[in-house]
Amino acid sequence: MKRLIVPVIFLLFIIIALLESKDLPPGAGLYPKVIIAGGFVVVTIALIKEIKTIRSEKKAGQYALKRISYEKILKDPLVIKQLFIIISTLIYIFLVEKTGFIIISTIYIFLNFYILGFRHKTHLPFISIATSLIIYLVFGLFIKIPLPMQFLEEWISKLIRGLII
Amino acid sequence: MMEGILLGLDRVLQPDNLIMIPLGLIVGTIIGAFPGMGASFAIIIMIPLTYWMRPEQALIFLTNVGGSAEFGGSIPAILMHVPGTPGSTATCWDGYPMTKKGEAARALGISLFASGMGGLFGAIILLLLSPPIASFALKFSYPEMFLIALLGITLIGSATGKLVKAFLAGCLGLLVATIGSDPISAVPRFTFGIVDLYDGIHFVVALIGLFGFSEMLFLLKRKHIVSSESAFKGTFKDLLVGVKDVIKRPLLFLRVSSMGTVLGATPGIGPAITNIVAYNMAVSSSKEPHKFGTGIPEGVLAPEATNNATQAGALIPAFTLGIPGSGMTAALLGGLMLHGLVPGPMLFKNQPEVVYSVMLAFLIGNPLMILLLLSIQKQVVKIVLVPSKILIPVTLLLIIIGAYGIKNSWFDVGLMILFGILGYYMRTYEYPVQAFVLPLILGSIIEEGFRKGLMLGHGDPMIFFTRPLTIALWILIIASIVIPYVIRKKYGKSESKMMDKSGGKDAS
């Protein structure tokens, strides 16, 4: 059944687009509607092909129809790590403006190091702090990407400016 | 053309541009040496560093990052039987046995020299062929541009042997590209009332997710990227023995480099495929085919000369038609457009100094890579010993900044994560990511081609079928679908088996 994940995602996307395109005026709406029509044809063919493959695998005995065990999936260390990366990145996005770049980046890197298995007592905090500081200096101060600033970033910027002057 | 070359040479020889070549080479080799991080990934994570650069400076840097990353991929392939990039899959088959025989340095010497010379060969062809193709492409009007993009998708589908999946990915890419304000009437489309979507989804955000974030999710499968058993032993003299091995085999080198450049110029056929084709070519033309797989120089030379020549070949449709045929060229076009340049034939007309300087920098970069890396090979090799548990979090932070820096928007970072998850599933279930990326990059050009083409025909869609050039393009589109199908039917499934051997990864 996993084979159907991507075509089903695509089908959902096309259905949403179809519903949204209803109110579009003819000029702006024609092109997306042509794509949606084409998309429906292709996604139908893709679904039929995948179902045929599943059936032929079933006949050949290569395919075991198992119930998807979410409990088992969530216990898989790889899935846990992948979910951790995704969720921690989302939390990072929500908090970065509030905490400033350096603090949240240090925590983000620290936690990811820890979850991925890098747990050296002294190296872990040191590398976490050093990485976020270096990245802030390179991208925030040198390349001038406006990274979120709170007291810590402002203090560092002042310090660097003071050193240069 | 000569005028363009002179303009480009003038630009590339400026010290601040010239320095970008060795910088790009070193960075690219280091990133490519990490298994899983291919040329496209190397370019993607380096894009934020180029925000402050001038367009030609950024492109000179990024092109050399991509080119040398392909060589970097051979380092883990040779030392620990783990291909660093999909293009170095076949390198493992004889490179690693050479390491086991104590000839790691010799194998790395072969790989370095063959890569550099293969890239140089491809770069010369790129420089010679691109201007005439671009001037011919100037004859293309809106309907032709629309069909060129369609041809790109069918070629990618045919090359990967997954036409339906490529079309599906292409349709989704086209649909995602329509998100935002309509380019002609400014009516918002598929924005769901979200203000951040009014400007559309920047394709570099999608690229970072599809190639960068998804790669991180894949890398988690590896506990440690490398093992310490791979410690590099060898001297500078051993590296030179490898160089001599390539010089002694000029015919094999020319054969595989030409094949790599020609196939590379075909959208969808990346180094992931050509390195295996080259290996098979070397086996079939050898007097001692049974020795392949035991650790012989030909087995390293063929894939390594080919993968760099392929990347050079892939730059031909990217620069001249704006069609990103491989992951690397898609990422490079991302960098190009981020600096306000529009890929395609007009680039040669409007900014010849930029496009020629990039081509020349690639040409200079390849032989320079040989000289530079011969001297620092030992240090570069040590880089691959960094474990993934350290590498992934640091790279993730770079990816986040890369996505944020495009429009200084955290919403874009969220979108990048979505694209990363989508890319992960697409790659897991073998949907060609390039087919999704191509319409994303060319989104406005394709839509403009379609709508203005229709306007040109006064609303009659027959305009897409009746002009001489559109007829020729339809013939090519049909041929790109039918010919590979017939070949597959005739010669069984050996071709697809060959591609499967490459690891099922997209041809970056």
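Here the structure is shown first, and the text comes after it.
Every value quoted in this text rests on a predicted model; they were computed, and no experiment measured them.

Novice: Just checking my understanding: could you explain the overall build of chain A for this structure?
Specialist: When you go through chain A residue by residue, the secondary structure sums to seven helices and zero strands. In sequence order, the secondary structure elements of chain A are arranged as α-α-α-α-α-α-α. The C-alpha radius of gyration computed for chain A amounts to 25 Å, which surpasses the reference 15 Å derived for 165 residues by more than 25%, pointing to a less compact arrangement than a globule. Once the C-alpha set of chain A is aligned to its principal axes, its extents read approximately 70 × 50 × 20 Å. Taken across its 165 residues, chain A has 36% of its residues classed as buried. Residue pairs at least 24 apart in sequence account for 51% of intrachain contacts in chain A once pairs closer than 6 positions are excluded. Within the structure as shown, chain A displays about 10,400 Å² of accessible surface, and the carbon and sulfur contribution to it stands at 71%. Across chain A, the centroid of the 20 positively charged side chains sits 9 Å from that of the 9 negatively charged ones.

Novice: Where do I start with the overall build of chain B in this structure?
Specialist: Assigned secondary structure in chain B consists of 24 helices and two strands. In summary, chain B has a C-alpha radius of gyration of 22 Å against a globular reference of 23 Å for 508 residues, a match within 12%. For chain B, the spread of C-alpha atoms along the principal axes amounts to about 70 × 50 × 45 Å. Counting across all 508 residues of chain B, residues that qualify as buried make up 65%. Within chain B, counting contacts between residues at least 6 apart in sequence, those at least 24 apart form 80% of the total. Taken as a whole, chain B presents about 17,200 Å² of accessible surface, with 67% of it coming from carbon and sulfur. Computing the positive centroid from 36 side-chain charges and the negative centroid from 27, chain B places the two 9 Å apart.

Novice: How should the pattern of salt bridges be read in this particular structure?
Specialist: All names here are of chain B. For the structure shown, the criterion picks out 16 salt bridges over all chains. Its salt-bridge partner being R106, residue E103 comes within 3.3 Å of it at the nearest N-O pair. The class for E103 is partly exposed, based on a relative accessible area of 24%. In this structure, R427 and E215 form a salt bridge, with 2.9 Å as the shortest nitrogen-oxygen distance. With R427 in helix α20 (residues 410–428) and E215 in helix α11 (residues 203–219), this residue pair connects regions lying 212 residues apart in the sequence.

Novice: Even after reading the chapter, I still don't get the nonpolar core, so can you show me in this structure?
Specialist: All names here are of chain B. Counting residues in hydrophobic clusters, the biggest one holds 206 residues, and the most contacted among them are F319 and F436. Among the elements that make up this core, the one with the highest residue count is helix α18 (residues 352–383) (14 residues). Apart from the residues within four sequence positions on either side, F436 is in contact with A169, G170, L172, G173, V176, L210, F419, L422 and M426.

Novice: Teacher, can you tell me more about the environment of B:I400 here?
Specialist: For B:I400, the location among the structural elements is in helix α19 (residues 388–407). Among the residues examined, B:I400 registers a relative accessible area of 0% and is labelled buried. Along the sequence, B:I400 and B:T89 sit 311 residues apart, while their C-alpha atoms lie 29 Å from each other. Setting aside chain neighbours within four positions, we find B:I400 in contact with A:T89, A:Y92, A:Y108, B:W410, B:V413 and B:M416.

Novice: What am I meant to see in the packing of aromatic side chains here?
Specialist: Centre distance and the angle of the planes are the two values used to describe a pair of aromatic rings. Per the stated rule, a full pass over the model turns up 20 aromatic pairs over all chains. An angle of 50° between the planes, with centres 5.4 Å apart, marks the rings of B:F146 and B:F450 as tilted. Placement of the pair is B:F146 in helix α9 (residues 142–160) and B:F450 in helix α21 (residues 433–456), with a sequence separation of 304 residues. Each member of the pair, B:F146 together with B:F450, is buried. Between B:F450 and B:F464, the ring centres sit 5.8 Å apart and the planes meet at 15°, which makes this aromatic pair stacked. On the criterion of sequence distance, the pair formed by B:F450 in helix α21 and B:F464 in helix α22 (residues 463–466) is long-range, its members being 14 residues apart. A relative accessible area of 10% means that B:F450 is categorised as buried. Among the residues examined, B:F464 registers a relative accessible area of 5% and is labelled buried. Three or more aromatic residues joined by ring pairs form one cluster here, namely A:Y31, B:F146, B:F450 and B:F464. Lying across the ring of A:Y114, A:R119 places its NZ or CZ 4.2 Å from the centre.

Novice: Would you take a moment to explain a nonpolar patch on the surface for this structure?
Specialist: All names here are of chain A. Where nonpolar side chains cluster on the molecular surface, the patch consists of L74, L83, I87, L90, I91, F94 and L95 and spans about 630 Å² of accessible area. Element by element, the count of residues in the nonpolar patch is highest for helix α4 (residues 77–99), at six residues. Mapped onto the fold, L95 is located in helix α4.

Rules and cut-offs
Residues numbered from 1 in each chain as written. Chains lettered and ligands numbered in written order. Predicted model: local features only at pLDDT ≥ 70, side-chain atom pairs only at ≥ 80, totals over all residues. Heavy atoms only, no water. Helix = DSSP H or I, 4+ residues; strand = E, 2+ residues; numbered from the N terminus. Rg over C-alpha atoms; globule rule 2.2 N^0.38 Å. Buried < 20%, exposed > 50% of the residue type's maximum accessible area, 1.4 Å probe, protein only. Contact = heavy atoms within 4.5 Å. Areas by Shrake-Rupley, 256 points an atom, 1.4 Å probe, with all protein chains shown as cover. Lys, Arg positive; Asp, Glu negative; His and termini not counted. Charge placed at Lys NZ, Arg CZ, Asp CG, Glu CD. Salt bridge = Lys/Arg side-chain N within 4 Å of Asp/Glu carboxyl O. Core = buried A, V, L, I, M, F, W, Y, C linked by side-chain atoms within 4.5 Å. Phe/Tyr/Trp six-rings, centres within 6.5 Å; stacked < 30°, edge-to-face > 60°. Lys NZ or Arg CZ within 6 Å of the ring centre and 35° of its normal. Patch = residues over 30% accessible without salt bridge, like charges linked within 9 Å, V, L, I, M, F, W, Y side chains within 5 Å.

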